[in-house]
Amino acid sequence: FFVSKILGPLLNPTNFLFLLLMILFLLYYKNKKKIIFKLLTVNILLLMLISFLPIGNIGLKYLENNFIYKKHYKNIDNIIVLSGSNYRLIESVKLGNKFKNAKVYYIGGNAYLIKKKINDEVSKAKKIYEDLNFDMTRVKFVGRLHFIQH
């Protein structure tokens, strides 16, 4: 977990290129070698290419076109809610009120290195469900936290 939090940002190609840019700049400033200047130029060109081309939008359109979106459902037995957005909680309550026999599974946890109850997604979700007077016997919280009783 700790290694993924520390090394995770380096897996983002843009972050890696910016880190490489800083390293190459320091090396070029120190050595003034032609090969380092060429690598620095290629790195800057790659960063500019990533910045100005709509690569993310093209990938998103591909995913959206292959995703089946339904507005009306006949019967739902289970509702799975991934943590990270209050909008998802509200939608799960709407679906839960529409389908009275459906069970809600909230999948969350704590993405922070320093774990506190105040920054825990499951605790926040539990409070929101309770504030909306949702039937808590239908909600199951899935996470690795031991202080959640439900």
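Refer to the preceding data block for the structure.
First things first, this report covers the structure right here in the doc. (Residues numbered from 1 in each chain as written. Predicted model: local features only at pLDDT ≥ 70, side-chain atom pairs only at ≥ 80, totals over all residues. Heavy atoms only, no water.)

## Focus: the packing of helix 5 (residues 86-98) against helix 6 (residues 121-131)
Condition: Helix axes are fitted to C-alpha atoms over the stretch in contact, other axes to C-alpha atoms as well, and angles between N-to-C directions run from 0 to 180 degrees. By definition, any uninterrupted DSSP run of H or I lasting at least four residues is a helix, any uninterrupted run of E lasting at least two residues is a strand, and each is numbered from the N terminus. Roughly parallel means an angle under 35 degrees; roughly antiparallel means over 145; roughly perpendicular covers 65 to 115; every other angle is labelled oblique. Should the near helix be turned anticlockwise from the far one by less than a right angle, the crossing is left-handed, and should it be turned clockwise, the crossing is right-handed. Contacts were defined at the residue level, with two residues in contact if any of their heavy atoms lie within 4.5 Å. In this classification, the charged set is Asp, Glu, Lys and Arg, the nonpolar set is Ala, Val, Leu, Ile, Met, Phe, Trp, Tyr, Cys and Pro, and all remaining amino acids, among them Gly, are polar.
In the contact formed by helix 5 and helix 6, the axes pass within 11 Å of each other and the chain directions differ by 40 degrees. One finds that helix 5 runs oblique with respect to helix 6. The handedness of the crossing between helix 5 and helix 6 is right-handed. For the pair helix 5 and helix 6, contact is made by N86, L89, S92 and V93 and by A125, I128 and Y129, respectively. Across the contact of helix 5 with helix 6, the residue classes break down as five nonpolar, two polar and no charged.

## So, the sheet that holds strand 2 (residues 103-107)
Defined as follows: Paired strands are those between which DSSP finds at least two bridges.
Taking strand neighbours across the sheet as the criterion, the three strands line up as 1-2-3 in an open arrangement whose pairing is parallel. The open sheet has two edge strands with one neighbour each: strand 1 (78-82) and strand 3 (139-142). On average, adjacent strands in this sheet sit at an angle of 20 degrees to one another, irrespective of strand direction. As paired strands, strand 1 and strand 2 are joined by five bridges and run parallel to one another. Along strand 2, the bridge assignment pairs L82 with I107.

## Thoughts on a nonpolar patch on the surface
What counts here: Residues enter patches when they are more than 30% accessible in relative terms and free of salt bridges; like-charged ones are connected within 9 Å and nonpolar ones (Val, Leu, Ile, Met, Phe, Trp, Tyr) within 5 Å. Computed with the Shrake-Rupley method and a 1.4 Å probe, the accessible areas treat only the protein chains shown as cover for residues. Each salt bridge in this description consists of a side-chain nitrogen of Lys or Arg and a carboxyl oxygen of Asp or Glu lying within 4 Å of one another. The cut-offs for exposure are 20% and 50% of the maximum accessible area for each residue type, with area from a 1.4 Å probe on protein chains only; residues under the lower value are buried, those over the upper are exposed, and the others partly exposed.
A grouping of F2, V3, I6, L7, L10, L19, M22, I23 and L27 is seen on the molecular surface, where their side chains present a nonpolar patch of about 850 Å² in accessible area. Of all the secondary structure elements, the ones that give two or more residues to the nonpolar patch are helix 1 (2-7) and helix 2 (13-31). Its relative accessible area of 53% is what places F2 among the exposed residues.

## Comments concerning the side chain of R138
Here is the rule: His residues and chain termini do not enter the charge count, which takes Lys and Arg as positive and Asp and Glu as negative.
Structurally, the position occupied by R138 is in the loop between helix 6 and strand 3. Summary of buried charges: R138 has no salt-bridge partner, and the nearest side chain of opposite charge, D135, is 4.9 Å away. Those residues in contact with R138, other than ones at most four positions away along the chain, are G96, F99, K100, A102, K103 and V104.

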